[in-house]
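Tertiary structure, described
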Amino acid sequence: MTAAVIDGKAFAAEVRGKVAAGVAGLVAKGITPGLAVVLVGEDPASQVYVRSKGRMTVEVGMNSFEHKLDASVGQAELLALIAALNADPAVHGILVQLPLPGHLEEAAVINAIDPAKDVDGFHISNVGLLATGQKAMVPCTPLGCLMLLRARLGDLSGLNAVVVGRSNIVGKPMAQLLLGDSCTVTIAHSRTKDLKALCKGADILVAAVGRPEMITADYVKPGATVIDVGINRIERDGKQKLVGDVDYASAAEVAGAITPVPGGVGPMTIACLLANTLTACCRANGLPEPE
Ligand code: NDP
């Protein structure tokens, strides 16, 4: 069997198209959604992400406000910037690019963002709302994964889902979303016993581990849907290469459908960020939310 490829790049372009149409509708009413991105320091991967976020924000017709701060910025100065963005009516979404340099307290910074503008969905209020099944700002990467799964499988109800990884930004919210769609969810992590056997029982297998190509064919149930969140830069045959947490070549022989890296989950993350910003802008203006 060779798995169907889940084309996240094409799906993300569709999502961005819908967001652009929604933005055009708001602009006609005199409202331009605005997304502020805060980047601290010069981490090369973060710089690339922030650049493409800014470009795509402008492409869908929104205002992009980029704030680049020196790696040595103090906690108080960063919190003051967030307070200013919270108070700015032109800013509907605020994203602080993670990871932050070690001397900054990440949780305090995230929780200083107005939850209504927290388009990354990392503020404890949004985490709590999601966990209790209430309307929340949902973290972009897991939201993108859920959209791909729904598009592929339709109703997810009753399916066995295994999420490998328990981070606050991917694994945990992914599990909450799958639970919300009535999957039977297991969260696996570095202490999980017999991970292979556990994964082999999964109709939906989400890999968010951060270990290049760890999930090989022998973790995959025949016909399963495999979502690879991993983004790992490795060197192979003297060349830099981007690979996922799934060994694509072998897993694709067993799975029913699989996301590639690149071109799978990655593009969905930014598309969902833009969708969240549009939603935040509609809510801020008391307008109906996009579907
Ligand atoms: P973290 O490092 O925060 O979490 C990794 C998780 O994997 C941890 O829960 C860890 O367990 C678990 N883990 C590590 N090794 C093993 C193992 N051998 N067996 C089982 N579980 C293991 O990573 P993130 O959640 O932030 O990111 C995961 C991956 O997704 C990365 O490759 C990252 O680059 C990528 N990513 C991609 C995004 C996108 O847009 N596509 C966005 C965000 C991340 P424990 O908790 O026990 O340590």
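All residue numbers refer to positions counted from 1 along the written sequence of the respective chain. In view of the model being predicted, local features appear only for residues whose pLDDT reaches at least 70, and side-chain atom pairs are presented and counted only at 80 or more, with totals across whole chains, interfaces and linings using the full set of residues.

Labelled according to an unreviewed UniProt entry, the protein chain appears under the name Bifunctional protein FolD, originating from Falsigemmobacter faecalis. UniProt positions are given in the numbering used here, feature names are shortened, and annotations may be inferred rather than shown by experiment. Its UniProt record, at the heading Function (unreviewed entry), says of the protein chain: "Catalyzes the oxidation of 5,10-methylenetetrahydrofolate to 5,10-methenyltetrahydrofolate and then the hydrolysis of 5,10-methenyltetrahydrofolate to 10-formyltetrahydrofolate." UniProt's Sequence similarities (unreviewed entry) comment on the protein chain is quoted here verbatim: "Belongs to the tetrahydrofolate dehydrogenase/cyclohydrolase family."

What follows deals with the UniProt feature "binding site: NADP(+)" (unreviewed entry) in the protein chain. In the numbering used here, UniProt assigns the "binding site: NADP(+)" (unreviewed entry) feature to Gly165, Arg166, Ser167 and Ile231. Every helix listed is a DSSP run of H or I at least four residues long, and every strand listed is a run of E at least two residues long, numbered separately from the N terminus. Along the chain, Gly165 falls in the loop between strand E5 (160–164) and helix H7 (171–180). The contact criterion used here is simple: two residues whose C-beta atoms, placed from the backbone, lie within 7 Å are in contact. Excluding residues that lie within four positions of it along the chain, Gly165 makes contacts with Val170, Gly171, His189, Ala208 and Val209. Every residue in contact with Ser167, bar those within four places of it in the chain, is listed here: Lys172 and Ala208.

Let us now look at the sheet that holds strand E8 (residues 225–228). A pair of strands is treated as paired once DSSP finds two or more bridges between them. Strand order in this open sheet of six strands is E1-E11-E8-E7-E5-E6, and the pairing throughout is parallel. Every interior strand has two partners, whereas the edge strands, strand E1 (4–5) and strand E6 (184–188), have only one.

Time to look at the site of the ligand. Nearness here has a simple definition: the residue's C-beta atom, placed using the backbone, must lie within 6 Å of the molecule or strand. Surveying the vicinity of the ligand reveals 26 residues, the closest of which are Gly165, Ser167, Ser190, Gly210 and Thr269. When residues in the shell around the ligand are grouped by element, the largest group, three residues, is from helix H10 (residues 265–284). When residues are grouped by polarity, Ala, Val, Leu, Ile, Met, Phe, Trp, Tyr, Cys and Pro land in nonpolar, Asp, Glu, Lys and Arg in charged, and all others, Gly among them, in polar. Partitioned by chemical class, the residues of the shell around the ligand number 10 nonpolar, 12 polar and four charged.

To continue, consider H7. For the exposure call, what matters is how many other C-beta atoms sit within 10 Å of a residue's own: 20 or more marks it buried, 12 or fewer exposed, and in between partly exposed, using C-beta atoms placed from the backbone. H7 sits mainly inside the fold: eight of its 10 residues count as buried. Among the residues making up H7, those that are buried are Gly171, Lys172, Pro173, Met174, Ala175, Gln176, Leu177 and Leu178. Those residues of H7 that are buried are in contact with helix H5 (124–131), helix H6 (140–153), E5, E6 and strand E7 (204–207). Directly after H7, the chain includes Ser182, whose backbone phi takes a positive value near 65 degrees.

Let us now look at the sheet that holds strand E2 (residues 34–40). The three strands are arranged E3-E2-E4 in an open sheet whose pairing can be described as parallel. With one partner strand each, in any of the chains shown, strand E3 (63–69) and strand E4 (93–96) form the two edges of the open sheet. Direction aside, neighbouring strands of the sheet carry axes that sit 15 degrees apart on average. All axes here are fitted lines through C-alpha atoms, helices being fitted over the stretch that makes contact, and every angle between N-to-C directions spans 0 to 180 degrees. Here helix H3 (residues 75–87) sits on the sheet in contact with E2, E3 and E4, set at roughly 175 degrees to E2.

Mapped onto the present numbering, the UniProt feature "domain: Tetrahydrofolate dehydrogenase/cyclohydrolase catalytic" (unreviewed entry) falls at residues 6–120. Secondary structure across residues 6–120 divides into 48% helix and 16% strand, with the first and last C-alpha atoms of the span separated by 24 Å.

Let us now look at the pairing of E4. Residues Gly93 and Leu95 point to one face of E4 and Ile94 and Val96 to the other, with burial holding for every one of them. Sheet topology note: the E2/E4 ladder contains four bridges and is parallel. The residue bridging Val37 from the neighbouring strand is Leu95, located in E4.

Here the focus is the domain arrangement of the protein chain. Assigned domains of the protein chain: these are domain 1 (30–115) and domain 2 (140–266). Residue ranges for the domains originate in an automatic or database domain assignment. Taken over C-alpha atoms, the centre of domain 1 sits 28 Å from the centre of domain 2.

Another point: the packing of helix H1 (residues 8–28) against H10. Helices that pack against each other are described as a pair by the angle of their axes relative to one another and the distance between those axes. In contact at an axis separation of 8 Å, H1 and H10 are set at 15 degrees when each is read in the N-to-C sense. When the axis of H1 is compared with that of H10, the two are roughly parallel. As for how H1 packs across H10, the hand of that crossing is left-handed. From H1, Gly8, Lys9, Phe11, Ala12, Val15, Arg16, Val19, Gly22, Val23 and Leu26 reach across to H10, where they touch Val265, Gly266, Pro267, Met268, Ala271, Leu274, Ala275, Leu278 and Cys281. Of the residues in the contact of H1 with H10, the class split is 14 nonpolar, three polar and two charged. Should an angle fall under 35 degrees it is called roughly parallel, over 145 degrees roughly antiparallel, and 65 to 115 degrees roughly perpendicular, with every other angle called oblique. Here is the rule for handedness: rotate from the far helix to the near one, and if that takes an anticlockwise turn smaller than a right angle the crossing is left-handed, while a clockwise turn gives right-handed.

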